[in-house]
Amino acid sequence: MCGSEEEKLNMINRWIINLILLIVLVGAGLFAFQSVKEEPHVTKGIEVTNHKLSDFDEIELNFPSKAKVHFKIVKNHWKILSPVKGRANELYVYQLLSILASKSPEKLKSNDLEKYGLDQPKLKVIFLNKEKMLKEEFIFGTYNPISENQYIKYKDDVFIVNGLFSETASYVPIEFIDKRPISPYEIIQGFNFSRLEQWQKNQLKLVKKNGNWATKGINVKTTQNDIIEWLSVSWDNLQALSLETYKMDSRLGYKSFDVIVNNNKKITFYKIQESPQLHLYRKDEGLLYRFPGDLGFTMLNPHVEVKEKE
């Protein structure tokens, strides 16, 4: 009997524990369901400006002890004009522009600029559109020690914004240049590798016509799939490890090749170095692009079969 009563007592305890667990699970499920139903939390703040990012086509970054960095839209694309020249990395440009759409937790009076480090600004950013007669200036001061956000002055007010804006502006100018040797708006239509040592004998060219790739040359053949596969691991979405402005000494006789893009535009690259890295000089931009050695080999050697002479 004792054993039977003990078993009954244990069974009742297990039922009580299971019931408690069930109540906890149901409660957690209802809480989660209610949380999903609630509107997402929206960060509130004061809009710094009422401008759109598209209102401006020129940006100037002015530092106390460094050369001014100047961006401008040229032929519908952002370029960096000084102190270096090249196609701008538009991601960085739009990070700079996004201050126009930023929000501040509060708006402060500008009657004590020294308090916010705005009497001796670390950076001035100017957005311009001369055609629309627009000019907006932002002055950057010290960082808030608690939030690590930064004080800025715009017109007659002081705002607090994310410190990433001035961090982006402080990049070394060469970092603002797009590291892609072929821009997204230059659509590749062909290659002329016939001047490279390994393809001189075969006079290799790749041509895209009516959406299909084919080879031109002596004793060479390939397939559409082979070229597409080669492009996918080499030139598609290609970015250099680094780049620099460069003056090539043409007397050294560097080998070159051409990339043909839309409107039959020919872009010539000179092979300055092949190992341990591939260094390619893009003549029209005056820029030297650096690539890993294994990727560099693939870039210059498409999947092409050299046929035996009959």
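Model, not experiment: these values are computed from the prediction. (Residues numbered from 1 in each chain as written. Predicted model: local features only at pLDDT ≥ 70, side-chain atom pairs only at ≥ 80, totals over all residues. Heavy atoms only, no water.)

So, the environment of Phe 63
- In this structure, Phe 63 sits in the loop between strand E2 (58-62) and strand E3 (69-74).
- Placed 107 residues apart in sequence, Phe 63 and Ser 170 show a C-alpha to C-alpha distance of 8.7 Å. (Helix = DSSP H or I, 4+ residues; strand = E, 2+ residues; numbered from the N terminus.)

Some remarks on the sheet that holds strand E7 (residues 107-109)
- Strands sit in the order E5-E4-E3-E2-E8-E9-E10-E11-E7 across an open sheet of nine strands; the sheet is antiparallel. The open sheet is flanked by strand E5 (86-87) and E7, the only strands paired with a single partner.
- Here seven bridges tie strand E8 (residues 123-129) to strand E9 (residues 134-143), and the two strands are oriented antiparallel to one another. The residue of E9 that forms the bridge with Leu 128 is Lys 135. (Pairing = 2+ DSSP bridges.)

Some thoughts on the pairing of E3
- Two elements, E2 and E3, share four bridges in a ladder whose sense is antiparallel. Note on E3: the bridge partner recorded for Glu 60 is His 70.
- What sits between the antiparallel neighbours E2 and E3 is a turn of six residues.
- In this structure, E3 lies alongside strand E4 (residues 77-82), joined through five bridges in antiparallel fashion.

Notes on the nonpolar core
- Counting residues in each nonpolar core, the largest one holds 60 residues, and the members touching the most others are Leu 61, Phe 71, Phe 191, Phe 193 and Trp 235.
- Looking at this core element by element, the count peaks at four residues for helix H2 (residues 90-97).
- Apart from the residues lying within four places of it in its own chain, the contact partners of Phe 193 are Trp 199, Leu 204, Leu 206, Trp 230, Phe 257, Met 299, Leu 300 and Pro 302.
- Of all hydrophobic cores here, the second largest spans seven residues; its members include Leu 108, Leu 118, Tyr 151 and Ile 160. (Core = buried A, V, L, I, M, F, W, Y, C linked by side-chain atoms within 4.5 Å. Buried < 20%, exposed > 50% of the residue type's maximum accessible area, 1.4 Å probe, protein only. Contact = heavy atoms within 4.5 Å.)

With respect to the pairing of strand E20 (residues 287-292)
- With five of its six residues buried, E20 lies for the most part within the structure.
- Of the pairings in the sheet, the one linking strand E16 (residues 242-245) to E20 comprises four bridges and is antiparallel in character. Within E20, the residue paired with Glu 244 across the bridge is Leu 288.
- From the end of strand E19 (residues 277-282) to the start of E20, which pair antiparallel, there are four residues, and Gly 286 there has a positive phi angle of about 70°.

Digging into the sheet that holds strand E14 (residues 212-216)
- Taken in spatial order, the eight strands make up an open sheet running E14-E13-E12-E17-E18-E19-E20-E16, and their pairing is antiparallel. Since the sheet does not close on itself, it has two edges, and those belong to E14 and E16, each with one partner. Each adjacent strand pair in this sheet contributes to an overall mean axis angle of 25°, direction not counted.
- Here helix H5 (residues 224-233) sits on the sheet in contact with strand E12 (188-192), strand E13 (205-209) and E14, set at roughly 100° to E14. (Axes fitted to C-alpha atoms, helices over the stretch in contact; angles between N-to-C directions.)

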